[in-house]
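So the chains spell out like this:
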Amino acid sequence: MNFPSISVRLGIVCEKKISMFEPWKMLEVWDGCFRLPNELIDWKKLFFIGVILTAFRVMFQMSTLPYPPAEWILFPPSEISSSGNLNHEKNLRELPVSTDNRFSISQHAPLVVSLNSIDGLSQKMQVLERLEQVSRQRKRRKHVNVVDKVISPPSPVRKVSNHMLTHIASLTPDEALAYAKREIENAPLVTDDQDLYSPLFRNVSTFKRSYELMELILKVYIYKEGKRPIFHHPYLRGIYSSEGWFMKLMEDNRQFVTRDPQKAHLFYLPYSARQLQRVLYVPNSHNLKPLSVYLRDHVNMLAAKHPFWNRTHGSDHFLVACHDWGPYTLKDHEELSRNTIKALCNSDISEGIFVSGKDVSLPETTIRNPRRPLRNLGGKRVSQRPILAFFAGNMHGPVRPKLLKYWRNKDESIRIYGPLPHRISRVMSYPEHMKSSKYCLCPMGYEVNSPRIVEAIYYECVPVIIADNFALPFNEVLNWSAFSVVVSEKDIPRLKEILLSIPLRRYQTMQNNVKMLQKHFVWNSTPTRYDLFHMILHSIWLSRLNQLQVSEKS
């Protein structure tokens, strides 16, 4: 931006055009005028020019500051000091233990520094985060796409002092877990978090504190043993892709993975149940014995080679398997089946293999294009969803034929199909059906799990889950009643009555909650905070804390 030149008279004979951006010319005129004796300088005009130049310089410097000036005045930079918190930790009262004895702490747990006691800094950080949130919202108003709505930028991790990091590093893995449990019990109240929508959670304060501690503490050791393609070879496509995506992102991770097993809180068995089936199963043999024997021999080899399995009988080890046969391939090794933390898509609580509270229900995701895992994400407004309920799929298992029997061609508002007929899919595709439906039916097939639950979340359709013995994914932290409907198998004849009994306002709230939930169920090539990779890892971390709890109480 150019300013007009200003005519400045210095004395009687000295007059020259001076640009505000050419102060050296002022020196020329100044020097020229000084050579004229007995001439007076117009000091008022010269002072006015100096004030303008000084103001311009100050404005330029302020524009280069990393934060607005108000933040520098209100919240000057400071470091977190934990030196005064040691005595405070001694005075922390013990919270009541829940009925299932989770997150309770031994009275002999080591005294540690509490991050929660730094209230002043926490308030400042909340104000700063709020300012940053408003700034980001203003920038995004003009351009918002599907990915922006689902994948929010990672918020800054809570700052921790070097003293605190040194203290945590000095703890043994079990001491660090005991410290984490105590901190979770004393979790500070979360009222307005920009990254977490509280109606989705059973207790958003506890979840947030647990997640922060996972980021701060958790270390995972990955066994190098095992031949491809069963081990270390992620399969990223199809309905069983969850185990492959987790394996890929876990093995590529640098934050949580450690090469020193002595520092590990968890040990990962990086195998694929899908690849196990592809390599070892003989088609039409109906014999899973070769698969379970292969895993049994592999675990026995690890136990003979390393001391870590025998130290805890496998209770600090975990596996991730999404294939329907995942639970059944563990039966030939008692400790593998009973003690290991199992993240399973087939999370059927009636068979005695999956144990609620110890094992993790793994979401089943259908990935058609690994290079574009978020393809077709998003849905339509409530007013553009004329179909009350929709289902299309193969007729296997006991529930789907029953659904077809009662509702196929019985009601125009409830559209139930087997495989979607070509004459219909030409007019409206399967994804468009889900995007045009208020409720998406997710009945079990041969097993309790269904990829339609995550598909419904992707397409912003309220899922209706029909599987009596299904442990819902992340049920330990998510409040599924806020964004889904669970219908008992015996109530299939009353399906329309149940759905119509939900008030419109209640449905609108649930559908909005589904939108807010999406970020927790998406795979990202580079993981972001609170996405599906981190949600699975957090559930495994939480299970490890609860297992340590049980061992301390026994």
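Residues numbered from 1 in each chain as written. Predicted model: local features only at pLDDT ≥ 70, side-chain atom pairs only at ≥ 80, totals over all residues. Heavy atoms only, no water.

Looking up the protein in an unreviewed UniProt entry gives the name Exostosin GT47 domain-containing protein, with the organism given as Anisodus acutangulus. Recorded in UniProt for the protein, the comment headed Subcellular location (unreviewed entry) runs: "Golgi apparatus membrane". The UniProt entry for the protein carries this comment under Sequence similarities (unreviewed entry): "Belongs to the glycosyltransferase 47 family." (UniProt positions renumbered as here; feature names shortened; annotations may be inferred.)

Novice: Would you explain helix H10 (residues 241–252) in this entry?
Specialist: Two residues of an α-helix separated by three or four positions point the same way, owing to the 3.6 residues in each turn. With 12 residues, H10 extends 17 Å between its outermost C-alpha atoms, agreeing within 8% with the 16 Å of an ideal straight helix rising 1.5 Å per residue. Taking burial as the measure, the 12 residues of H10 include 9 buried ones, the bulk of the element. Among the residues of H10, those classed as buried are Ser-241, Ser-242, Glu-243, Gly-244, Trp-245, Phe-246, Met-247, Leu-249 and Met-250. (Helix = DSSP H or I, 4+ residues; strand = E, 2+ residues; numbered from the N terminus. Expected span 1.5 Å × (residues − 1). Buried < 20%, exposed > 50% of the residue type's maximum accessible area, 1.4 Å probe, protein only.)

Novice: Honestly, the state of the cysteines in this entry has me stumped. Any pointers?
Specialist: Cysteine pairs can be linked by a disulfide, which is a covalent bond between their two sulfur atoms. For the structure on display, the rule yields 2 disulfides. Put simply, Cys-322 and Cys-345 are joined by a disulfide, and their sulfur atoms are 2.1 Å apart. With the S-S dihedral at roughly -90°, the linkage between Cys-322 and Cys-345 falls on the left-handed side. Taken together, the positions of Cys-322 in the loop between strand S5 (317–321) and helix H14 (334–338) and Cys-345 in the loop between strand S6 (341–344) and strand S7 (360–361) put the pair 23 residues apart, joining distant regions of the chain. We classify Cys-322 as buried; its relative accessible area is 0%. For Cys-345, a relative accessible area of 0% corresponds to the buried category. (Disulfide = S-S within 2.5 Å.)

Novice: Would you mind showing me how to read the sheet that holds strand S8 (residues 387–391) here?
Specialist: Paired through their backbone hydrogen bonds, the strands of a sheet run either parallel or antiparallel. Taken in spatial order, the 5 strands make up an open sheet running S9-S8-S10-S11-S12, and their pairing is parallel. The outermost strands of the open sheet, each flanked by one partner alone, are strand S9 (414–416) and strand S12 (485–486). Bridge count for S8 against S9 is 3 bridges, and the pairing is parallel. Residue pairing across strands places Ala-389 opposite Ile-414, the latter belonging to S9. Along the sheet, helix H20 (residues 504–517) makes contact with strand S10 (437–443), strand S11 (462–466) and S12, crossing S11 at roughly 95°. (Pairing = 2+ DSSP bridges. Contact = heavy atoms within 4.5 Å. Axes fitted to C-alpha atoms, helices over the stretch in contact; angles between N-to-C directions.)

Novice: It is not clear to me how the sheet that holds S5 should be interpreted in this structure. Could you clarify?
Specialist: Overall, parallel pairing links the 5 strands, which are arranged S3-S4-S5-S6-S7 in an open sheet. Two strands in the sheet have a free side with no partner beyond their single neighbour: strand S3 (220–222) and S7. Taken strand by strand, H10 contacts S3, strand S4 (266–268) and S5, and its axis lies near 135° from that of S5.

Novice: I keep staring at unusual backbone geometry and nothing clicks. Help me out?
Specialist: Working note: non-glycine residues mostly have negative phi, and peptide bonds are mostly trans. Between Arg-228 and the following residue, Pro-229, the backbone shows a cis peptide bond with an omega angle of 0°. With respect to the helices and strands, the residue Pro-229 is situated in the loop between S3 and H10. For Glu-460, which is not glycine, the phi torsion reads 60° and is therefore positive. According to the relative accessible area criterion, Glu-460 is buried, its value standing at 6%.

Novice: Would you take a moment to explain the pattern of salt bridges for this structure?
Specialist: As a working rule, side chains carrying opposite charge can pair if their charged atoms are close by. Applying the stated criterion across every chain yields a total of 21 salt bridges. Arg-494 is the partner of Asp-491 in a salt bridge, and the nearest nitrogen-oxygen pair spans 3.6 Å. The partly exposed category is assigned to Arg-494, whose relative accessible area is 36%. (Salt bridge = Lys/Arg side-chain N within 4 Å of Asp/Glu carboxyl O.)

Novice: Can you walk me through the packing of helix H11 (residues 273–280) against helix H12 (residues 289–305) in this structure?
Specialist: Packed helices, taken two at a time, are described by the angle between their axes plus the distance between the axes. Interaxial distance between H11 and H12 falls to 10 Å at its minimum, and their mutual angle equals 120°. When the axis of H11 is compared with that of H12, the two are oblique. Judged by the sense of rotation from one axis to the other, the crossing of H11 with H12 is right-handed. Taken together, the residues of H12 that come into contact with H11 (itself represented by Leu-276, Gln-277 and Leu-280) are Pro-290, Leu-291, Tyr-294 and Leu-295. (Parallel < 35°, antiparallel > 145°, perpendicular 65-115°, else oblique. Left-handed = near helix turned anticlockwise from the far one by under 90°.)

Novice: Teacher, can you tell me more about the environment of Lys-380 here?
Specialist: Structurally, the position occupied by Lys-380 is in the loop between S7 and S8. Between the C-alpha atom of Lys-380 and that of Glu-432, which follows or precedes it by 52 residues, the distance is 9.3 Å. When near neighbours in sequence (up to four residues on either side) are disregarded, Lys-380 contacts Arg-385, Glu-432, Lys-435, Ser-436, Glu-460 and Gln-511. For Lys-380, the side chain forms a polar contact with the side chain of Ser-436, separated by 3.2 Å. (Polar contact = N/O pair within 3.5 Å; in protein donor to acceptor, adjacent residues only side chain to side chain.)

Novice: Please clarify how helix H9 (residues 204–217) should be interpreted in this entry.
Specialist: The terminal C-alpha atoms of H9 lie 20 Å apart, and with 14 residues this matches the ideal 20 Å at 1.5 Å per residue to within 8%. With 12 of its 14 residues buried, H9 lies for the most part within the structure. Burial in H9 covers these residues: Val-204, Ser-205, Phe-207, Lys-208, Arg-209, Ser-210, Tyr-211, Glu-212, Leu-213, Met-214, Glu-215 and Ile-217. Its side-chain oxygen 3.1 Å from the backbone nitrogen of Ser-205, Asn-203 forms the N-cap of H9.

Novice: Looking at this model, I keep getting lost on the packing of helix H8 (residues 173–185) against H9. Mind explaining?
Specialist: Interaxial distance between H8 and H9 falls to 9 Å at its minimum, and their mutual angle equals 155°. Judged by the angle between their axes, H8 and H9 are roughly antiparallel. H9 is crossed by H8, and the crossing has right-handed handedness. Seen from H8, the contacting residues are Ala-176, Tyr-179, Ala-180, Glu-183 and Ile-184; seen from H9, they are Thr-206, Arg-209, Ser-210, Leu-213 and Ile-217. Taken together, the residues of the contact of H8 with H9 sort by class into 6 nonpolar, 2 polar and 2 charged. (Nonpolar A, V, L, I, M, F, W, Y, C, P; charged D, E, K, R; others polar.)

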